[in-house]
Every structure is written in structure tokens, then in C-alpha cells.
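Survey of secondary and tertiary structure
For reference, the chains in residue letters:
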Amino acid sequence: MERYKSKQDGPRRELNTYEKVLAEDRRVVREMFRVSVGGAHAGLVIMLFIVVLFAAVGGTLWALIVGGAVAFWFAVALVAAVGGGRRGWAAVKRAYLLTFGWAGWL
């Protein structure tokens, strides 16, 4: 039975054209959505600026609403990171990247 197996079977088989295009598309999407800690730091600074701006223009209530929304999003991201199997600082870092990493795309 072994001699009838194709050379295309197994993890080291050569990809066909469709699979190559699919793999390249996935690589491009991963690169496009990649976030960094530097981008997250920039996102935190931008959010702090926005909260201060809301406090100056709209008053303390609006600053608390916007800050609370960001804090809520961080808490949800932290729960998702812990649910995904990360613990301790790894979970906090993932939640930080999920909350503020969008600034790396600007």
C-alpha cells in the first residue's frame, strides 16, 4: 500500500498554485494587521490626549465616559486574552496591544 502513496502526501509536499496564492494572501493579511508595542504606546498617548481634550471641551463627565469606554475595552480584551490561554504579563501585553495597537496603522 505504501508504494501507491503519492509524493504529494504529507507535510513536506509541494503546494499547488491555489495553495501558494492562498498562503501568500494569508501572509499579506498577517503583515497588514500586525501591531507593535511602539504603535500601542502611540495609541495610549493619543487616547490620553483625546480624554484630556474631552475634559477641556466637554467637561469631566465626557472625559469619564470616554475613559471608561477605553477601560471597558481593555477589560474585555484582558478577559479574552486570559480566555485564550495567556496568563500574567503576557495577557496584559496582549490586551494592551488589542486596545491601543491600532495607532501603528496611522
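We now turn to the structure provided with this report. (Residues numbered from 1 in each chain as written. Predicted model: local features only at pLDDT ≥ 70, side-chain atom pairs only at ≥ 80, totals over all residues. Heavy atoms only, no water.)

**Observations concerning the packing of helix α3 (residues 60-83) against helix α4 (residues 89-100)**
Just so we agree on the cut-off: Helix axes are fitted only over the stretch in contact, all axes being lines through C-alpha atoms; the angle between N-to-C directions runs from 0 to 180 degrees. A helix here means a DSSP run of H or I that spans at least four residues, while a strand means a run of E at least two residues long, and both kinds are numbered starting from the N terminus. In what follows, roughly perpendicular refers to angles from 65 to 115 degrees, roughly parallel to angles under 35, roughly antiparallel to angles over 145, and oblique to any angle outside these ranges. Should the near helix be turned anticlockwise from the far one by less than a right angle, the crossing is termed left-handed; should it be turned clockwise, right-handed. Note on contacts: a residue pair qualifies if any of its non-hydrogen atoms lie within 4.5 Å across the two residues. In the scheme used here, Gly and all other residues not listed as nonpolar or charged are polar, with Ala, Val, Leu, Ile, Met, Phe, Trp, Tyr, Cys and Pro taken as nonpolar and Asp, Glu, Lys and Arg as charged.
Remark: α3 packs on α4, axes separated minimally by 8 Å, with the N-to-C direction vectors making an angle of 135°. Accordingly, the angle class assigned to the pair α3 and α4 is oblique. Of the two possible hands of crossing, α3 and α4 adopt the one that is right-handed. Along the contact surface, α3 presents Val70, Trp73, Phe74, Ala77, Leu78, Ala81 and Val82, while α4 presents Ala91, Val92, Arg94, Ala95, Tyr96, Leu98, Thr99 and Phe100. Here the contact of α3 with α4 is built from residues that sort into 13 nonpolar, one polar and one charged.

**Some thoughts on the packing of helix α2 (residues 37-58) against α4**
Where α2 contacts α4, the axes come no closer than 8 Å and their chain directions differ by 60°. Compared by their axis directions, α2 and α4 come out oblique. Considering only the axes of α2 and α4, their crossing is left-handed. Side by side, α2 and α4 meet where Val37, Gly39, Ala40, His41, Gly43, Leu44 and Met47 of the first sit next to Lys93, Tyr96, Leu97 and Phe100 of the second.

**As for α4**
The criterion, for reference: One less than the number of residues in a helix, times 1.5 Å, gives the span that helix is expected to have. For each residue, the accessible area found with a 1.4 Å probe, counting protein chains only, is set against the maximum for its type, and the residue is called buried under 20%, exposed over 50%, and partly exposed in between.
End to end, α4 covers 16 Å across twelve residues, agreeing with the expected 16 Å (1.5 Å per residue, within 8%). Regarding α4, the residues found buried are Ala91, Ala95, Tyr96, Leu97, Thr99 and Phe100. On its buried face, α4 sits against α2 and α3.

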